[in-house]
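Architecture at a glance
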Amino acid sequence: MGCCTGRCTLIFLCTLQLLASLERQIFDFLGYQWAPILGNFLHIIVVILGLFGTIQYRSKYIIVYSIWTALWVAWNVFIICFYLEVGGLSKDTDYMTFNISMHRSWWREHGPGCVRREVPPPTTRGLEDHSYISVTGCMVEFQYLEVMHSSLQILLALVGFVYACYVISVFTEEEDSCKY
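Because the structure is predicted, anything quoted here is derived from the model rather than measured.

**Here we look at the packing of helix α2 (residues 34-55) against helix α3 (residues 59-83)**
Following both chains from N to C, one finds α2 and α3 inclined at 150°, their axes separated by 8 Å at the closest point. The orientation of α2 relative to α3 falls into the category roughly antiparallel. The two elements α2 and α3 meet at a crossing, and its hand is left-handed. Here the contact of α2 with α3 is composed, by residue class, of 14 nonpolar, 6 polar and no charged.

What follows is the structure in C-alpha cells.
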C-alpha cells in the first residue's frame with residue numbers, strides 16, 4: 001500500500017481526533033464538567049480502538065469506530081444546542097456536572113482576554129466557602145469557544161466516518177480476493 005492511502009489518512013485522522021479529544025478532556029477536567037469528561041473518555045478509548053484496527057487490518061474494530069462516530073456527532077450536536085440554548089436547553093443548568101456541583105465551563109472565567117475578579121459574598125448569606133466571580137473583557141464568549149470545540153469534533157468525526165467506511169470496504173475487498 002502507498003503512503004497516501006485511505007488507511008494512512010484514517011490513521012492521521014484518528015491521531016488528530018485523539019489530540020483534539022485529549023485537549024478537550026483537559027479543559028473539561030479543569031471545569032469539573034463530568035458529562036463531557038465521561039464522553040471524552042469513551043471517545044478516546046474508541047478512537048484508540050479504531051487506530052488499532054486500522055493499523056492491524058481489523059475491520060470489526062473500524063466498524064465499532066464508525067458506529068461510535070455517529071454517536072459522537074449526536075453528542076456534539078447536543079453540546080452545541082446546550083451552549084447556544086436551543087430547544088429549551090440552558091447553559092446555566094447543571095446538566096454537564098450531573099447536578100453534583102455548581103461548576104461551569106472552564107472557559108467561562110478563563111477565556112481569551114477575560115479579566116477575572118473575585119467579589120466577596122454578602123454577609124447576610126453565610127456562604128463562607130463561596131465567592132462571587134465577576135468576568136469582564138472576554139474577546140470570545142465561553143459558549144462560542146465550547147461550540148468551536150464541538151464543531152471541530154463533528155468535522156473530524158464526519159471525515160473519520162467517511163474514511164472508516166472506505167477502509168472497511170477496501171479491507172473487505174482484500175479479504176474477498178484472498179479467498180479465491
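Alright, that's what it looks like, and here's the rest.
**Focus on the packing of helix α1 (residues 6-30) against α2**
Axes are the key here: two packed helices are described by the angle between their axes and the distance separating the axes. Between α1 and α2, whose axes approach to 9 Å, the crossing angle comes to 160°. Considering the angle they form, α1 stands roughly antiparallel to α2. Note that α1 runs across α2; the crossing there is left-handed. Residues of the contact of α1 with α2, tallied by class, amount to 15 nonpolar, 8 polar and 3 charged.

**Examining the UniProt feature "transmembrane region" (unreviewed entry) in the chain**
As annotated in UniProt, the feature "transmembrane region" (unreviewed entry) corresponds to residues 34-55, 62-86 and 152-171 in the numbering used here. Secondary structure across residues 152-171 divides into 100% helix and 0% strand, with the first and last C-alpha atoms of the span separated by 28 Å.

**So, empty space enclosed by the protein**
Space left empty within the atom packing is revealed by a probe, the size of a water molecule, rolled over the atoms. Summed over all chains, the structure comprises 3 cavities of 30 Å³ or more. Reported here for the largest cavity is a volume of approximately 60 Å³. Lining the largest cavity are 13 residues, and of these Gln33, Lys91, Thr93, Met96 and Arg104 sit closest to its centre. The class makeup of the residues in the lining of the largest cavity is 5 nonpolar, 5 polar and 3 charged. Space inside the second largest cavity adds up to approximately 40 Å³. In terms of lining residues, the second largest cavity is bounded by Arg24, Asp28, Gln33, Pro36, Ile79, Tyr83, Met96 and Glu146. Considering only residue class, the lining of the second largest cavity consists of 4 nonpolar, 1 polar and 3 charged.

**Details of the packing of aromatic side chains**
Throughout the structure, instances matching the rule amount to 12 aromatic pairs. Taking the centre distance of 6.4 Å and the plane angle of 85° together, the rings of phenylalanine 29 and tryptophan 34 count as edge-to-face. Exposure remark for phenylalanine 29: the relative accessible area of 43% places this residue in the partly exposed category. By relative accessible area, tryptophan 34 is classed as partly exposed at 30%.

Basis of the calculations
Residues numbered from 1 in each chain as written. Predicted model: local features only at pLDDT ≥ 70, side-chain atom pairs only at ≥ 80, totals over all residues. Heavy atoms only, no water. Axes fitted to C-alpha atoms, helices over the stretch in contact; angles between N-to-C directions. Helix = DSSP H or I, 4+ residues; strand = E, 2+ residues; numbered from the N terminus. Parallel < 35°, antiparallel > 145°, perpendicular 65-115°, else oblique. Left-handed = near helix turned anticlockwise from the far one by under 90°. Nonpolar A, V, L, I, M, F, W, Y, C, P; charged D, E, K, R; others polar. UniProt positions renumbered as here; feature names shortened; annotations may be inferred. 1 Å grid on protein atoms, 1.4 Å probe; cavity = no way out; pocket = protein on both sides within 12 Å on 5 of 7 lines; lining within 4 Å. Points joined across faces, edges and corners; volume = space filled by probe spheres on them. Phe/Tyr/Trp six-rings, centres within 6.5 Å; stacked < 30°, edge-to-face > 60°. Buried < 20%, exposed > 50% of the residue type's maximum accessible area, 1.4 Å probe, protein only.

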